[in-house]
Amino acid sequence: YDKANKRILIVLPSKRKLKIMNEKVKKIVRDGYDTIAEQYLATRHEELEEMTLLQAFAERIPEGGRVLDAGCGAGVPFTQYLSQSFKVIGVDISPKQIELAKDFVPDAVFYCHDIADVLFPDNSLDGIICYHVMNHIPREGQKGIIINFYRMLKEGGYLLINFATTDDPGTI
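Residues numbered from 1 in each chain as written. Predicted model: local features only at pLDDT ≥ 70, side-chain atom pairs only at ≥ 80, totals over all residues. Heavy atoms only, no water.

### So, the side chain of Q142
Position of Q142 among the secondary structure elements: in helix α6 (residues 139-152). With residues up to four places along the chain from it excluded, the contact list for Q142 reads M134, I137 and F163. (Helix = DSSP H or I, 4+ residues; strand = E, 2+ residues; numbered from the N terminus. Contact = heavy atoms within 4.5 Å.)

Right, dumping it as C-alpha cells:
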C-alpha cells in the first residue's frame, strides 16, 4: 500500500516470467491428464448434467457443420455425441487423452496441441465447445483464447464455454 498516494500497488511479473510460469502450468496440466487419463475417462458418460447444454448447443449448429472441441480429452462423451451430426475437430494438450480420443471417436479428427495456440482459418467453424478447460488457463491467457475463438467462428456461430465458479487466481 502506497500511503502517500493512497493507492494499492500491484506488481505484475514480467512477460518473460509469465511465459515461464505459463509453460510450467501447461506441463502440469499435460502431465496430470496423461497420468490420470484412464481414471478420468471412467468418470465421463452421457448422463452428465452438461449433456443438456451440449444438446441445446447442437440444435443450433447446421447439419454437417464444423465444430471444434477445445480441450476434448478422450472425446467421451462430448466429441462422441457431436461427431454423430457434425465434422468435429478435437484438440487437447495431453497426448494420452488424444490417443484415447482417436480410439473412442474414430469419426473425428484430433490434434495434440495447446488451445491457446490453435490457428484455424477465420470464419471457418460453426461452433466451438470449451468445457472444463478455462479453469486450467491462467487468467492472463483467457482473453486471447476467447478472442481467437471469436475469430475462428463463422458469423452466427456458437461458443459453449464454462469457467470456474470461484475466484481463485493462481491455481490450476
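### Notes on the confidence of the model for the chain
The predicted model of the chain averages 80 in pLDDT, with 72% of residues at 70 or higher. Scored below 50 in pLDDT, residues 8-14 makes four contacts in the model with residues more than four places away or belonging to other chains. (pLDDT = per-residue confidence, 0-100.)

### Brief notes about the pairing of strand β3 (residues 109-112)
Along a regular strand, successive side chains alternate from one face of the sheet to the other. Both strand β2 (residues 87-92) and β3 contribute to a ladder of four bridges, which runs parallel. What sits directly across from D92, in β3, is C112. In terms of handedness, the path from β2 via helix α5 (residues 95-104) over to β3 forms a crossover that is right-handed. (Pairing = 2+ DSSP bridges. Right-handed = clockwise from strand over helix to strand, strands pointing away.)

### A closer look at α5
For α5, every residue scored as buried is listed here: Q97, I98, L100 and A101. An end-on view of α5 places all buried positions within 160° of arc, on one side of the element. (Buried < 20%, exposed > 50% of the residue type's maximum accessible area, 1.4 Å probe, protein only. Arc of directions from axis to C-beta.)

### Here's the deal with the sheet that holds β3
Strand order in the open sheet formed by five strands is β3-β2-β1-β4-β5, and the pairing between neighbours is parallel. Since the sheet does not close on itself, it has two edges, and those belong to β3 and β5 (153-161), each with one partner. Taken pair by pair, the neighbouring strands of this sheet meet at an average axis angle of 15°, ignoring direction. Along the sheet face, α5 touches β2 and β3 and points at about 170° away from the line of β3. Contacting β1 (66-70), β4 (125-130) and β5, α6 crosses the sheet at an angle of about 140° to β5. (Axes fitted to C-alpha atoms, helices over the stretch in contact; angles between N-to-C directions.)

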